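Residue-level structural notes
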Amino acid sequence: MNQPGTLAVLSASMFLVVVDNLIVNVALPTLQRELHASVTSLQWIVDAYSLVFACLLLAGGSVGDRFGRKRSLQVGLVLFACCSTVAAFATTSRGLILWRGAMGVGAALVFPATLAIITNLFTDPIERAKAIGVWSAVSGMAVAFGPVTGGFLLEHFWWGSVFLVNIPIVVIALAVGNFLIPDSRDPERHPFDIVGLMLSIVAVGALVYTVIESPRWGWGSLASNAGFAIALVALALFVRYEATRDHPLLEVRFFRNARFSAATGSIGIAFFCLFGFTFLVTQYFQFVRGYDPLSSGVHTLPFAVGAGVTAPIAARLALRLGTTRVVSTGLFSMSIGFFIMSRVSADTAFWGPVIIAMLFMASGLSLVTSPSTEAVMGSLPREKAGVGSAVNDLSREVGGVLGVAVTGSVFLSLYSPRLVELFGRIPGLVPALPKGVLGQARESVGAAYFIGQQSPEAVRPQVMHAVSQSFMHGFGAASMFVSVAALIGSIAAFRFLPARATSPAP
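Residues numbered from 1 in each chain as written. Predicted model: local features only at pLDDT ≥ 70, side-chain atom pairs only at ≥ 80, totals over all residues. Heavy atoms only, no water.

**With respect to the overall build of the protein**
Within the protein, the secondary structure is distributed over 20 helices and zero strands. Taking 2.2 N^0.38 as the reference for a compact globule, 506 residues should give roughly 23 Å; the C-alpha atoms of the protein span a radius of gyration of 22 Å, in line with that estimate. For the protein, the residues scored as buried account for 61% of the 506 residues in total. By sequence separation, contacts in the protein at least 24 residues apart represent 85% of the contacts at least 6 residues apart. Total accessible area computed for the protein in this model is approximately 19,400 Å², and 67% of it derives from carbon and sulfur atoms. (Helix = DSSP H or I, 4+ residues; strand = E, 2+ residues; numbered from the N terminus. Rg over C-alpha atoms; globule rule 2.2 N^0.38 Å. Buried < 20%, exposed > 50% of the residue type's maximum accessible area, 1.4 Å probe, protein only. Contact = heavy atoms within 4.5 Å. Areas by Shrake-Rupley, 256 points an atom, 1.4 Å probe, with all protein chains shown as cover.)

This is how it looks when you write it as structure tokens:
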């Protein structure tokens, strides 16, 4: 069997899903202008895909285990391509949010299938660690290549091209994968857990939706408290129900294994920090630094270099040094990178603190994801690889979705009042603004910069400086927030993540 070729096809399929999670970030300023999207709408354009993806991952992994992982992968790729095509021609932010969510259904079938097939294909622990290292390296590089690809397309075509680029990749993956990818499934057939699926969707969906909307509702308001309560009750019911079933959607007893649960948590924290930061740094490059979309993407390439170099060796380092040291070091490295970015200003040199911060983040992410993924998959029996992969991916997606939601909320809570304060110091500006424009500027950085560009020439420099200072105020606080979160994750991994498996997977 052509294992390298199969790994290449699976990595390309996974690359597609990860890139689409991030490629839209570089288009956010364009979408603000073209679709008149607010900050909340931009959050939903990013989060609709991730939210649906996260809600259905457990179902996607279970479908692959039950009906065959190759078939699940192929169906997911076709669905992903069809929804991408429709999304490219959306005319409103609501329409784009809808089809981004539909793309998440396809992604939920694709992502867990790739890792589950790798786990069944590479049965030797050392070879599996190498394969997962390659898989993780591709995932890390996608974080940077998404913005680069999006920037190139936006430079030469209209914004819908960032979705149409998925089509040729899907066609190639389907054609080549049909010959190279072996099929595998759980030999034990059992009824599909519909109740467990619905409870998991309610728990994840209520949590993420509440976090995103709470800044508008008000933290501590009745709606916010109700949303968190629904999520907590649904999660409790899900755990209790799954623990009593003979064939659950998710075997919650897996979490009694400290290696499985701590590794899953480490992945979630890493992507919570990464996605939250990425949501803002794209706007930093384009609005504050003045880079065009392509240049903005190119300036993220150091991240790809750091991830590509570190990921292939990270899993092997874990085999030699132990998972505890490697994963905790990775989260600590990410914390350093975010801390450096919290101290940058509007005119900080890119070839200095910014690039150094990116290398810390990228290498840190790879040191977390590759060993943690190997720890999760190595803790489970091979026939449960689909659900195990789904749990691994769920921690990434829920972490990422919450990262965008919480970090965006932290940013807005500081950006908005500072903008109003600084605008108020500019003589005659606020009374001269048309009705509702100031409110738009408080919710949309793009709208605030547009106000600055259209302001009278006498006050334009003051207005632009006020917007830039307000953005950096919120950006610095949000970066410090994720830095602290990564540091707490590093301490937790060092304390709770076992260095090695105490016993082989049954």
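Still more to cover.
**As for the packing of helix α11 (residues 258–288) against helix α15 (residues 350–378)**
Relative orientation of the contacting elements α11 and α15 amounts to 155 degrees, with a least axis distance of 9 Å. In this view, α11 runs roughly antiparallel relative to α15, as classed from their interaxial angle. By crossing handedness, the relation of α11 to α15 is classed as left-handed. Residues Arg259, Phe260, Ala263, Thr264, Ser266, Ile267, Ala270, Phe271, Leu274, Phe277 and Phe285 of α11 touch α15, and the partners they reach there are Phe350, Val354, Met358, Met361, Leu365, Val368, Thr369, Ser372, Thr373, Glu374, Ala375 and Val376. (Axes fitted to C-alpha atoms, helices over the stretch in contact; angles between N-to-C directions. Parallel < 35°, antiparallel > 145°, perpendicular 65-115°, else oblique. Left-handed = near helix turned anticlockwise from the far one by under 90°.)

**With respect to the environment of glycine 476**
By the element assignment, glycine 476 lies in helix α20 (residues 460–496). The class for glycine 476 is buried, based on a relative accessible area of 12%. Between the C-alpha atoms of glycine 476 and phenylalanine 238, which are 238 residues apart in sequence, the distance is 38 Å.

**A few points about helix α1 (residues 3–22)**
Under the 1.5 Å per step criterion, the end-to-end length of α1 is 28 Å for 20 residues, consistent within 8% with the ideal 28 Å. Buried residues dominate α1, accounting for 15 of its 20 residues. (Expected span 1.5 Å × (residues − 1).)

**Re the side chain of threonine 6**
Looking at the element boundaries, threonine 6 is found in helix α1. Not counting the four nearest positions on each side in its chain, threonine 6 is found in contact with Leu121, Leu180, Ile181 and Pro182.

**Thoughts on the pattern of salt bridges**
Here the structure, examined in full by the defined rule, presents two salt bridges. A salt bridge links arginine 425 to glutamate 421; its shortest N-O distance comes to 2.4 Å. Among the residues examined, glutamate 421 registers a relative accessible area of 38% and is labelled partly exposed. Connected via shared salt-bridge partners are Arg418, Glu421 and Arg425. (Salt bridge = Lys/Arg side-chain N within 4 Å of Asp/Glu carboxyl O.)

**Let's talk about the side chain of arginine 259**
Secondary-structure assignment places arginine 259 in helix α11. In terms of polar contacts, arginine 259 uses its side chain to reach the backbone carbonyl oxygen of proline 498, at 3.4 Å. (Polar contact = N/O pair within 3.5 Å; in protein donor to acceptor, adjacent residues only side chain to side chain.)

**Concerning helix α13 (residues 301–321)**
For α13, which comprises 21 residues, the first-to-last C-alpha distance of 29 Å matches the rise-based estimate of 30 Å (1.5 Å per residue) to within 8%. Remark: the principal bend of α13, roughly 35 degrees, maps to alanine 314. Among the residues of α13, Pro302, Phe303, Ala304, Gly306, Ala307, Thr310, Ala311, Ala314, Ala315 and Ala318 are the ones counted as buried. With its phi angle positive at about 100 degrees, glycine 322 sits one or two positions after the end of α13. (Bend = angle between axes of the 7 residues up to and from the residue.)

**Remarks on the confidence of the model for the protein**
Averaged over every residue, the pLDDT of the protein is 81; the share at 70 or more is 94%. Across the protein, element-level confidence peaks in helix α14 (residues 323–342) with a mean pLDDT of 92 and bottoms out in helix α17 (residues 429–432) with 73. (pLDDT = per-residue confidence, 0-100.)

**Considering the packing of α11 against α14**
Between α11 and α14, whose axes approach to 11 Å, the crossing angle comes to 20 degrees. The angle between the axes of α11 and α14 places the two elements in the roughly parallel class. Relative to α14, the crossing made by α11 is left-handed. For the pair α11 and α14, the contacting residues are Arg259, Ser266, Ile269, Ala270, Cys273, Leu274, Phe277, Val281 and Tyr284 in the first and Thr323, Val327, Leu331, Met334, Phe338 and Met341 in the second. Each residue belonging to the contact of α11 with α14 can be placed in one class, and the counts come to twelve nonpolar, two polar and one charged. (Nonpolar A, V, L, I, M, F, W, Y, C, P; charged D, E, K, R; others polar.)

**Topic: the packing of aromatic side chains**
With the rule as written, the count across this model stands at 17 aromatic pairs. A centroid spacing of 5.7 Å and a plane angle of 65 degrees characterise the contact between phenylalanine 271 and phenylalanine 275, whose relative ring orientation is edge-to-face. Linking phenylalanine 271 with phenylalanine 275, this pair stays in helix α11, spanning four residues, or about one helical turn. Overall, the relative accessible area of 7% leaves phenylalanine 275 in the buried class. On the basis of an interplanar angle of 10 degrees and a centroid distance of 5.2 Å, the ring pair of phenylalanine 411 and tyrosine 415 is categorised as stacked. Highlighted residues: phenylalanine 411 and tyrosine 415, both in helix α16 (residues 385–424), separated by four residues, approximately one helical turn. A single burial state applies to phenylalanine 411 and to tyrosine 415, both of which are buried. Members of the aromatic cluster, connected to one another through ring pairs, are Phe277, Tyr284, Phe285, Tyr291, Phe338, Phe350, Trp351, Phe411, Tyr415, Phe471 and Phe475. (Phe/Tyr/Trp six-rings, centres within 6.5 Å; stacked < 30°, edge-to-face > 60°.)

**Quick notes on the nonpolar core**
Counting 150 residues, the largest nonpolar core has Leu31, Leu96, Phe163, Tyr284, Met341, Phe423 and Phe475 as the members making the most contacts within it. Among the elements that take part in this core, α11 stands out by supplying 18 residues, more than any other. Setting aside its immediate chain neighbours within four residues, leucine 96 contacts Leu31, Leu35, Ile45, Ala87, Ala90, Trp159 and Phe163. (Core = buried A, V, L, I, M, F, W, Y, C linked by side-chain atoms within 4.5 Å.)

**Description of the environment of valine 162**
For valine 162, the position within the fold is in helix α7 (residues 161–164). Take valine 162: its relative accessible area is 1%, and that puts it in the buried class. Taking C-alpha positions, valine 162 is 17 Å from glutamine 286, a pair spaced 124 residues apart along the chain. Excluding residues that lie within four positions of it along the chain, valine 162 makes contacts with Asp20, Ile23, Gly150, Leu153 and Leu154.

**Thoughts on a nonpolar patch on the surface**
On the surface, a cluster of nonpolar side chains totalling about 460 Å² of accessible area is made up of Phe89, Phe152, Phe157 and Trp158. With respect to the helices and strands, phenylalanine 89 occurs in the loop between α4 (69–88) and α5 (93–121). (Patch = residues over 30% accessible without salt bridge, like charges linked within 9 Å, V, L, I, M, F, W, Y side chains within 5 Å.)

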